[in-house]
Amino acid sequence: RNNPIQQWGNLLQSQAMVALPLSLTCPIWAQNKYLLLALFITIWVNDTGAYLVGSSTAKLPNGNHKMFPRVSPNKSWEGLIGGIVFALICGYLWVRVGWISSLAGGIMFALVVSVFGTLGDLTESLMKRTIGVKDSGKFLPGHGGLLDRFDSILLAAPMVWVFLFLFV
């Protein structure tokens, strides 16, 4: 009511930010249904690896080095590296099980998913901090909201689509 143009802009931004990236999962599935599953599993493994390594290094005497404390206070460079290593293991496994045809492709896929998944997570955290909310919804209490479950895929899926478009 106070600012209809801004509300309209927010609506369009949410469509571009959520609907468009999720719609790109369809051509990924059409290209290789296992690659879509690999995308989700790699994101989850990357997040788990980042959490395990980041929380473990935080207990060391020197602690860990925060990436962007104002945006996401618990993300560290050590966690990022740990997530990438775990994702690279996934990339190798996708080659071994035949979901990706070459080792170079598996490594590239894992790097794209890990880096852009982390950037998607940071982007969503930045938006939440900008508008002053802790959780992006009430559907999953204690998990930051439903969007937190999919924030990594919002940048990773378009980049995997670009990867497929350029290299497959």
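Just so you know, these numbers come straight off a predicted model, no measurement behind them.

### Things to note about the overall build of the protein
When helices and strands are tallied, the protein shows six helices and zero strands. The secondary structure elements of the protein, listed N-terminal to C-terminal, are α-α-α-α-α-α. The burial tally for the protein puts 36% of its 168 residues in the buried class. Carbon and sulfur atoms provide 68% of the accessible area of the protein, an area that totals close to 10400 Å².

### Things to note about helix 3 (residues 33-58)
Helix length check: helix 3 (26 residues) gives 38 Å between terminal C-alpha atoms against 38 Å at 1.5 Å per residue, within 8%. For helix 3, the set of buried residues is Leu35, Leu36, Ala38, Leu39, Thr42, Ile43, Asn46, Gly49, Gly54 and Thr57. Where helix 3 begins, one side-chain oxygen reaches toward the backbone nitrogen of Tyr34, 2.9 Å away; that side chain belongs to Asn32.

### Quick notes on the side chain of Thr42
Note on placement: Thr42 falls in helix 3. Excluding its chain neighbours within four sequence positions, the residues that come into contact with Thr42 are Ala87, Cys90, Trp94, Phe109 and Val113.

### Points about the environment of Thr48
Take Thr48: it is sitting in helix 3. For Thr48 and Gly83, which are 35 residues apart along the polypeptide, the C-alpha to C-alpha distance reads 7.1 Å. A distance of 2.8 Å separates the side chain of Thr48 from the backbone oxygen of Trp44, its partner in a polar contact.

### Side note on the nonpolar core
In terms of nonpolar packing, the biggest core is built from 21 residues, with Ile28, Leu39, Trp94, Phe109 and Val160 touching the most fellow members. Broken down by secondary-structure element, the contributors of at least two residues to this core are helix 3, helix 4 (77-96), helix 5 (103-131) and helix 6 (146-167). Per-element accounting of this core gives the leading share, seven residues, to helix 6. Sequence-distant contacts of Leu39, that is, excluding residues within four places in its chain, are made with Ile28, Phe109, Val113, Ile153, Ala156, Ala157 and Val160. Counting residues in each nonpolar core, the second largest holds five residues, with Met67, Val71, Leu80 and Leu122 among its members.

### Let's talk about the packing of aromatic side chains
Counted under the stated rule, the structure contains six aromatic pairs. When the centroid spacing of 5.9 Å and the interplanar angle of 45° are considered together, the rings of Phe40 and Trp44 count as tilted. A residue pair is termed a helical-turn pair when its members lie 3 or 4 positions apart in one helix, as Phe40 and Trp44 do in helix 3 at four residues. One aromatic cluster is present, built from ring pairs that chain together Tyr34, Trp94 and Trp99.

Cut-offs used in this document
- Residues numbered from 1 in each chain as written.
- Predicted model: local features only at pLDDT ≥ 70, side-chain atom pairs only at ≥ 80, totals over all residues.
- Heavy atoms only, no water.
- Helix = DSSP H or I, 4+ residues; strand = E, 2+ residues; numbered from the N terminus.
- Buried < 20%, exposed > 50% of the residue type's maximum accessible area, 1.4 Å probe, protein only.
- Areas by Shrake-Rupley, 256 points an atom, 1.4 Å probe, with all protein chains shown as cover.
- Expected span 1.5 Å × (residues − 1).
- Polar contact = N/O pair within 3.5 Å; in protein donor to acceptor, adjacent residues only side chain to side chain.
- Contact = heavy atoms within 4.5 Å.
- Core = buried A, V, L, I, M, F, W, Y, C linked by side-chain atoms within 4.5 Å.
- Phe/Tyr/Trp six-rings, centres within 6.5 Å; stacked < 30°, edge-to-face > 60°.

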